[in-house]
Every structure is written in C-alpha cells, then in structure tokens.
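# Examination of the molecular architecture
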Amino acid sequence: MPLITILGLDMRAKVFQLSEDRRVKLNIWDTAGQEKYRAINKTYYFGTRGVLICFDLSQPLEIEEIKSWMDEVQSYINEECCIVIIGTKSDKIPNKETVDLLTKFTNENKLEFIQTSSMDGTNVYSAFESLIKKIDQSGKLGIESSSLSTSKKLRRKKDSDICVSRQCC
Amino acid sequence: MSRSSSSFDSYIVEDPTPKVKLSILGDTGVGKSCLIKVFETILENPMFDAFQSLLKTGGGTIGRINT
C-alpha cells in the first residue's frame, strides 16, 4: 500500500461555530511530521494561537520526544500559545507506558490530554473545540458578535474618492 | 478636461469574523492529517459516522505518493 506523506505543509480553512452567535474562521496548518521538514515547518509557525501536539497511543514514546515538541512550540511559536496534547489511535490496543507517560506529563504541566480516534471519530471534535475554547478564554480570539459577521460592513467608495486619495487626477 | 463621473463603484468588504491559526504537530504517521480530515467532515456533516470509509478513501490531500 502506498504511503502518503505531507511534504512541507497543508492548510485548511474552516468556519467553526463557537456558540449560537459566535463563529471563528480556523486556519488549520497540517505540518509534515518527518524530521527533514522541521526546518520548513518552523517558518510557518508565525501567528499560531493554538497547537495540537499529536502522539500515537499505540506506539512506545519517550519523554524526550514530548519535550522536543514542547521546546519547538516554546521556541518558535509562543510561550503563551494554547496547547492540547492529543493521543491518537485510541481505537487500537494502547501502549500502557505511552498513556501513563502522557497522563503524567500533562498533569505535571497542567495541560489537557485528549485521547482520540480518527477511525471511529472519538473525541476528534472535542479536541479542536477544547483548543478553540482555551484560546477564547485566554482572550486571543477577539470574537465579535455574529450580528457584525452576518451584516458585513460595506463601504462604498466612488471612483472620484479613490482618485482623490491617490492624488492621481 | 473634466473627468466624467464613472458608473463604476467599488466596494470594500470587511469581514469581521475573527481568524485563528492552529498548527497540528507530531511525528510522521501519528495521524495528524486523518484527525483534520475527520474534524472537517464532522464540521460539514455532524451526523457523519462512517469514519473508517472516510480514512480509506482519504489520506493526505496534498503530498506525494512515496511507493
């Protein structure tokens, strides 16, 4: 079976309904996991408000790996960036040491740890929702009411106005 | 020479919906792209539950096939 890997980065834009009258546009940057692309990824971290750091629950994990990703976030993104640790593939037989290590690490560092499964959809929505709510609570979202969103401000400029501003006529 | 008034009007649309940038990090093969794909699908269709079939037909949207 061919292996499909992300080369560099992939970006998706989605609108997320935070509550009945509040919504937010998400720019989700999917980074390449391979070590050789780390240098490229770093250049795209600018402006990131929230990070999901994913670990495979079914595979062995070292504490150095977790620290390495945490260092990457703190060095290249922002120390105040909201972080949620994600344990993926929870539908598989979990590696107990990995689960224990992630649980201990997140407890010690007061981080949220969510176990997800893309195979059955478990906690996938909750993981993103939790991260977005954390960003909102930290005041970095700058949510505006949907009344403003729906009634988009239209500013009408006449041709003559543009000419005056450009001082071309 | 006076410039005749133009019938052309331009509009500047300001969308005040806030934007937020999220980065998904992790080693290769942990399932970052699948996580995003499933999340996107749930956003588009909250009743969707055939995730297994989605992942089989999906995979990375951008990338190259390394055989």
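Residue numbers run consecutively from 1 along every chain, following the written order of its sequence. Think of it this way: whatever chain is written first is A, whatever ligand is written first is 1, and the rest follow in order. pLDDT decides what is reported in this predicted model: residues at 70 or higher carry local features, side-chain atom pairs at 80 or more are listed and counted, and totals for whole chains, interfaces and linings draw on all residues regardless. Side-chain numbers come from the whole structure's heavy atoms, not from hydrogens or water.

### What about the overall build of chain B?
Comment: elements are numbered from the N terminus, with helices defined as DSSP H or I runs of at least four residues and strands as E runs of at least two. In terms of helices and strands, chain B carries two helices and three strands. When the accessible surface of chain B is totalled, it reaches about 4100 Å², and 53% of it is carbon and sulfur. The protein chains shown are the only cover counted for residues, whose accessible areas, like all others here, come from Shrake-Rupley with a 1.4 Å probe.

### Observations concerning the environment of D91 of chain A
All names here are of chain A. Along the chain, D91 turns up in the loop between β5 (82-88) and α3 (96-108). Judged by its relative accessible area of 40%, D91 is partly exposed. Contacts were defined at the residue level, with two residues in contact if any of their heavy atoms lie within 4.5 Å. Those residues within four positions of D91 in sequence are excluded, and the remaining contacts are S117, M119 and D120. Polar contacts, as counted here, are pairs of nitrogen or oxygen atoms within 3.5 Å of one another; within protein the pair requires one atom able to donate a hydrogen and one able to accept it, and residues that are adjacent in sequence qualify only if both atoms are side-chain atoms. In this structure the side chain of D91 is engaged in a polar contact, spanning 2.6 Å, whose partner is the side chain of S117. A simple rule labels every residue: compare its accessible area, found with a 1.4 Å probe on the protein chains alone, to the largest value its type can have, and call it buried under 20%, exposed over 50%, or partly exposed in between.

### Section: the packing of aromatic side chains
The geometry of an aromatic ring pair is captured by two quantities: the separation of the ring centres and the angle between the planes. Here a Phe, Tyr or Trp ring, Trp counted by its six-membered ring, pairs with any other such ring whose centre lies within 6.5 Å, and the pair is stacked when the planes are under 30 degrees apart, edge-to-face when over 60, and tilted otherwise. Inspection of the entire model under this criterion finds four aromatic pairs over all chains. Note on F16 of chain A and Y125 of chain A: the rings are 5.6 Å apart at their centroids and 35° apart in plane angle, and the pair reads as tilted. Of this pair, F16 of chain A sits in strand β2 (residues 9-19) while Y125 of chain A sits in helix α4 (residues 124-137), placing them 109 residues apart in sequence. Residue F16 of chain A is classed as buried on the basis of its relative accessible area of 1%. Members of the aromatic cluster, joined through ring pairs, are F16, Y125 and F128 of chain A together with F39 of chain B. Criterion for a charge above a ring: Arg CZ or Lys NZ at most 6 Å from the ring centre, at most 35 degrees from the ring normal. Over the face of the ring belonging to W29 of chain A we find K21 of chain B, whose NZ or CZ atom lies 4.4 Å from the ring centre.

### Comments concerning the state of the cysteines
Only a pair of cysteine sulfur atoms within 2.5 Å counts as a disulfide in this structure description. For the coordinates displayed, the defined rule picks out zero disulfides over all chains. Here C82 of chain A stays unpaired: no disulfide links it, and the sulfur of C81 of chain A, its closest cysteine neighbor, is 6.4 Å away. Taking relative accessible area as the criterion, C82 of chain A reaches 10% and is therefore assigned buried. Cysteine C34 of chain B remains unbridged, with the sulfur of C54 of chain A as its closest cysteine sulfur at 11 Å. A relative accessible area of 26% places C34 of chain B in the partly exposed class.

### Describing α3 of chain A
The α-helix advances 3.6 residues per turn, and as a result positions three or four apart in sequence lie on the same side. Residue and element names in this part refer to chain A. An expected span of 1.5 Å times one less than the residue number is assigned to each helix. Over its 13 residues, α3 runs 18 Å from end to end, which matches the ideal 18 Å to within 8%, given 1.5 Å per residue. Of all the residues in α3, the buried ones are T98, V99, L102, F105 and T106. For α3, the angular spread of buried residues about the axis comes to 135°, placing them on one side. For α3, the exposed residues lying more than 90 degrees away from the buried face are K96, E97, K104, N107 and E108. The inward-facing, buried residues of α3 abut β4 (48-56), α2 (63-76), β5 and β6 (112-115). Once α3 ends, the next one or two residues include K110, with phi positive near 50°. Working note: the arc is built from the helix axis to C-beta atom directions.

### What to know about the packing of α4 of chain A against helix α1 (residues 32-44) of chain B
Note on definitions: angles span 0 to 180 degrees between N-to-C directions of axes, and those axes are lines fitted to C-alpha atoms, for helices only across the stretch in contact. Relative orientation of the contacting elements α4 of chain A and α1 of chain B amounts to 90°, with a least axis distance of 9 Å. When the axis of α4 of chain A is compared with that of α1 of chain B, the two are roughly perpendicular. Where α4 of chain A approaches α1 of chain B, its residues V124, Y125 and F128 of chain A are matched on the opposing element by L35, I36, V38, F39, I42 and L43 of chain B. Nonpolar residues are Ala, Val, Leu, Ile, Met, Phe, Trp, Tyr, Cys and Pro. Charged residues are Asp, Glu, Lys and Arg, and all others, Gly as well, are polar. Of the residues in the contact of α4 of chain A with α1 of chain B, the class split is nine nonpolar, no polar and no charged. Oblique is the label for any angle not covered by the other classes, which are roughly parallel (under 35 degrees), roughly antiparallel (over 145) and roughly perpendicular (65 to 115).

### Thoughts on the confidence of the model for chain A
Per-residue pLDDT for chain A has a mean of 80; in total, 75% of the residues score no lower than 70. Every residue gets a pLDDT, meaning the predictor's confidence in that residue, from 0 to 100. Long-range and interchain partners of residues 143-165 of chain A, a stretch whose pLDDT sits below 50, account for 42 contacts in this model, where long-range means more than four residues apart.

### A look at the side chain of S118 of chain A
Structurally, the position occupied by S118 of chain A is in the loop between β6 and α4. You can call S118 of chain A buried: its relative accessible area is 10%. Setting aside anything within four residues of it in sequence, one finds S118 of chain A in contact with V124 of chain A together with G31, C34, L35, V38, F51 and L55 of chain B.

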